[in-house]
Amino acid sequence: QVQLVESGGGLVQAGGSLRLSCTASGGTFSSYAMAWFRQAPGKDREFVAGISRSGGTTEYTDSVKGRFTVSRDNGKNTVSLQMNTLKPEDTAEYSCAARRTVTEAILLNGGRYEYWGQGTQVTVPS
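Residues numbered from 1 in each chain as written. Predicted model: local features only at pLDDT ≥ 70, side-chain atom pairs only at ≥ 80, totals over all residues. Heavy atoms only, no water.

## Focus on the sheet that holds strand S7 (residues 68–73)
Rule in force here: If DSSP finds at least two bridges between two strands, the strands pair. The secondary structure listing takes helices from DSSP runs of H or I that are at least 4 residues long and strands from runs of E that are at least 2 residues long, numbered from the N terminus. Every axis in this analysis is a line fitted to C-alpha atoms, fitted for helices over the stretch in contact. Angles between the N-to-C directions lie between 0 and 180 degrees.
Taking strand neighbours across the sheet as the criterion, the 4 strands line up as S1-S3-S8-S7 in an open arrangement whose pairing is antiparallel. At either margin of the open sheet sits one strand with a lone partner, and together these are strand S1 (3–7) and S7. Recorded for the sheet is a direction-independent mean angle of 15 degrees between the axes of neighbouring strands. Bridging between S1 and strand S3 (residues 18–25) involves 5 bridges; their strand directions are antiparallel.

## Quick notes on the state of the cysteines
Put simply, the test is: Cysteine sulfurs are considered disulfide-paired once they come within 2.5 Å of each other.
One pass over the full model with this rule turns up 1 disulfide. Between the sulfur of cysteine 22 and that of cysteine 96 lies a disulfide, 2.0 Å long from S to S. Across the S-S bond linking cysteine 22 and cysteine 96, the dihedral sits near 50 degrees, which makes this disulfide right-handed. Within this pair, whereas cysteine 22 is found in strand S3, its partner cysteine 96 is found in strand S9 (residues 92–100), the two being separated by 74 residues in sequence.

And the structure:
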């Protein structure tokens, strides 16, 4: 059983930056592909960024490419999401998710992830 705890959300003005972190416990972190999802009020959950178990492969949704960077530290059991040039449309609850895998694949479907954090709110006022 893997437990995921996010931190780093908050309120930031448009154009600002935030760094989200997700710390995992209870499993072999390097066995899991990790991803960040977000859900805004009244909208479906959306894949934001993902990183393979080794950290060698990353994937981003088009709307955050060039602004967000996902990284992981397998020695510290953490995955981070650096978010720059934030926009009001980035406002959402952000959750990290883990998927046990033996490959470097990153899946965009949240239903394929086994473990989820509780979420952290990011608000960018318009």
